Amino acid sequence: MTKTIVVKIGTSTLTRSTTGNLALSTIAALVEILADLRQQGHRVVLVSSGAVGVGCARLGLTERPRNIALKQAVAAVGQGRLMRVYDDLFTTLQQPIAQVLLTRGDLVQRNGYVNACNTFGQLLRLGVIPIVNENDTVAVDELKFGDNDTLSALVASLVEADWLFVLTDVDRLYSADPRSNPDAQPIALVQSMAQLTEFQVQTGDSRSGWGTGGMVTKIEAARIATASGVRTVITDGCFPGNIEKILNGESIGTQFEPQPRPVNARKHWIANVLIPAGKLYLDAGAVKAISHGGKSLLAAGIAQVEGEFQADDSVQLCDAAGKQIARGLVNYNSLELRQIQGCKSDKIAEILGYAGVETAVHRDNLVIV
Ligand SMILES: Nc1ncnc2c1ncn2[C@@H]1O[C@H](COP(=O)(O)OP(=O)(O)O)[C@@H](O)[C@H]1O
Ligand SMILES: N[C@@H](CCC(=O)OP(=O)(O)O)C(=O)O
């Protein structure tokens, strides 16, 4: 049966840590497998890091730049070279490819999200393999994916993928970072994200020399992807042939079982794509009403407002201890909400001097997380 498969490859797999040069044999093996999957009729998307790493190697820089403008310039050098290598290799196998560069800002706009969705749909129907990266050259801090693990999960959700493969430089997830903990236990299957607490997984902040997110962002990617119904695998990128073995049922790497695909794509976008601009602390009654009663949030249930935001922005809804329980789009800006927090809805017009809507966050724009 035809499957939609998203594969993410990180800098640590694409380049040699000693020289920073491209790991050509690994890339060639990956290209061969992806072209093969296309031949079998599957729809394939590749999310590839490497622009900064390859740009650095080209310019003789020995460290990942910290300065933003330099990093953006280096990425512009590397992205072109990276695509040239992919195009040469895929062309040898008669497989057309496309370059898709995205920033979070493109997906935060609902129409941008829908447009990206249509473009991916069209490319996949044409039999093309889209090669996706963050548009590092124009991405600004507040609207960045920051790491391609998150980007790959959002792309997997956007194209309604069946599988997301996160290829990296360890063979699977361990109970702790295997680099610094030789006794760390391998984890083969994660049935729900809550199990990670049960397994007491530690991720530290360790990552390979050129990687950005370490294991934390891969787990976050698995959370986003599985919540959208995408089976996610973290496995070693040095053996791309394992992708086919895993598709054929072999237990390699760490597999995260998917949840049922969400019926409401817009709510999924609110929960996972939008970046919250503030936080609302709710009283116990409001927490119960929205988590168990499926109700809208009224101003009366808001105990505290944190951050500065505009009406229609995304915010986190938290309990009194600050634990996030939901996300939603607010009907009032932060200044207005501070004035009406804790007040009954029929007092809003009197306090603000104009009549607003009854709810602070309407249930159609509210998602329990
Ligand atoms: N619990 C863990 N299990 C496995 N790897 C871990 C864990 N915690 C941290 N890591 C580290 O995460 C690194 C992979 O992340 P990263 O370097 O960002 O890779 P990539 O470039 O593929 O995105 C591994 O090399 C490993 O040292
Ligand atoms: N967009 C950046 C990738 C950032 C990133 O997530 O890198 P990695 O942790 O190696 O997957 C680049 O192309 O260099």
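Residues numbered from 1 in each chain as written. Chains lettered and ligands numbered in written order. Predicted model: local features only at pLDDT ≥ 70, side-chain atom pairs only at ≥ 80, totals over all residues. Heavy atoms only, no water.

The name that an unreviewed UniProt entry assigns to the chain is Glutamate 5-kinase, with the source organism given as Phormidium nigroviride PCC 7112. Within the UniProt record for the chain, the comment given under Catalytic activity (unreviewed entry) is "L-glutamate + ATP = L-glutamyl 5-phosphate + ADP". (UniProt positions renumbered as here; feature names shortened; annotations may be inferred.)

**Here we look at a nonpolar patch on the surface**
Where nonpolar side chains cluster on the molecular surface, the patch consists of Leu59, Leu61 and Leu70 and spans about 240 Å² of accessible area. Taking the relative accessible area as the measure of exposure, Leu61 reaches 31% and is therefore partly exposed. (Patch = residues over 30% accessible without salt bridge, like charges linked within 9 Å, V, L, I, M, F, W, Y side chains within 5 Å. Areas by Shrake-Rupley, 256 points an atom, 1.4 Å probe, with all protein chains shown as cover. Salt bridge = Lys/Arg side-chain N within 4 Å of Asp/Glu carboxyl O. Buried < 20%, exposed > 50% of the residue type's maximum accessible area, 1.4 Å probe, protein only.)

**Some thoughts on the site of ligand 2**
Taken together, 15 residues are adjacent to ligand 2, and Lys8, Thr11, Ser49, Asp136 and Asn148 come closest. Contact between ligand 2 and Lys8: an oxygen atom at 2.6 Å from a side-chain N or O atom of the residue. Starting from 390 Å² of accessible surface for ligand 2 in isolation, the protein chains cover 97%. Residue classes in the shell around ligand 2 are distributed as two nonpolar, nine polar and four charged. (Near = heavy atom within 4 Å. Polar contact = N/O pair within 3.5 Å; in protein donor to acceptor, adjacent residues only side chain to side chain. Nonpolar A, V, L, I, M, F, W, Y, C, P; charged D, E, K, R; others polar.)

**Focus: the pairing of strand S5 (residues 163-168)**
Within S5, six of the six residues are buried, which leaves it mostly tucked inside the rest of the structure. In S5, alternate side chains face the same way, and those of Trp163, Phe165 and Leu167 on one face and Leu164, Val166 and Thr168 on the other are all buried. Inspection of the sheet shows strand S1 (residues 4-9) paired to S5 by five bridges, in the parallel sense. Bridging from a neighbouring strand, Lys8 pairs with Val166 of S5. Two elements, S5 and strand S7 (residues 231-236), share six bridges in a ladder whose sense is parallel. Within S7, the position partnered with Leu167 by the bridge is Thr235. (Helix = DSSP H or I, 4+ residues; strand = E, 2+ residues; numbered from the N terminus. Pairing = 2+ DSSP bridges.)

**Topic: the pairing of S1**
Counting buried residues in S1 gives six out of six residues, a clear majority hidden from the surface. The alternating pattern of S1 places Thr4, Val6 and Lys8 on one face and Ile5, Val7 and Ile9 on the opposite face, and all of these are buried. As judged from the six bridges shared by S1 and strand S2 (residues 43-48), these two strands associate in the parallel manner. If you follow Ile5 over to S2, its bridge partner there is Val44.

**Describing the UniProt feature "binding site: substrate" (unreviewed entry) in the chain**
When the UniProt feature table is mapped onto this chain numbering, "binding site: substrate" (unreviewed entry) sits at Ser49, Asp136 and Asn148. For the annotated residues, spread through 100 residues, the largest C-alpha to C-alpha distance comes to 10.8 Å, consistent with a single compact locus. Following the sequence through the fold, Asp136 ends up in the loop between strand S4 (129-134) and helix H7 (148-158). When sequence neighbours within four positions are dropped, the list of residues in contact with Asp136 reads Ala51, Gln72 and Ala75. You can see Asn148 is positioned in helix H7. (Contact = heavy atoms within 4.5 Å.)

**As for the packing of helix H2 (residues 24-39) against helix H4 (residues 68-92)**
One can describe the packing of H2 onto H4 by two numbers: an axis separation of 10 Å at closest approach and a directional angle of 50°. Here H2 is positioned oblique relative to H4, judged by the angle of their axes. Relative to H4, the crossing made by H2 is right-handed. Note on element contacts: H4 touches H2 through Val85, Tyr86, Leu89 and Phe90, opposite Leu24, Ile27, Ala28, Val31, Leu34 and Ala35. (Axes fitted to C-alpha atoms, helices over the stretch in contact; angles between N-to-C directions. Parallel < 35°, antiparallel > 145°, perpendicular 65-115°, else oblique. Left-handed = near helix turned anticlockwise from the far one by under 90°.)

**Topic: the UniProt feature "binding site: ATP" (unreviewed entry) in the chain**
The positions UniProt marks with the feature "binding site: ATP" (unreviewed entry) are Lys8, Thr168, Asp169, Thr212, Gly213, Gly214, Met215, Val216, Thr217 and Lys218. Residue position: Thr217 is located in helix H9 (residues 214-227). For Thr217, a relative accessible area of 14% puts it in the buried group. The residue Lys218 is located in helix H9 in this model. Among residues more than four places away in sequence, those in contact with Lys218 are Lys8, Asp149, Val166, Thr168 and Ile234.

**Here we look at the packing of aromatic side chains**
The geometry of an aromatic ring pair is captured by the separation of the ring centres together with the interplanar angle, meaning the angle of the planes. All chains considered together, the criterion is met by two aromatic pairs. Their ring planes at 10° and their centres at 5.4 Å tell us that Trp163 and Phe165 sit as a pair that is stacked. As far as the burial class goes, Trp163 and Phe165 line up, both buried. For the cation-ring pair, Arg110 lies above Trp269, with the distance from its terminal atom to the ring centre recorded as 5.1 Å. In this arrangement the basic side chain of Arg231 is found over the ring face of Trp163, its NZ or CZ atom lying 5.8 Å from the centre. (Phe/Tyr/Trp six-rings, centres within 6.5 Å; stacked < 30°, edge-to-face > 60°. Lys NZ or Arg CZ within 6 Å of the ring centre and 35° of its normal.)

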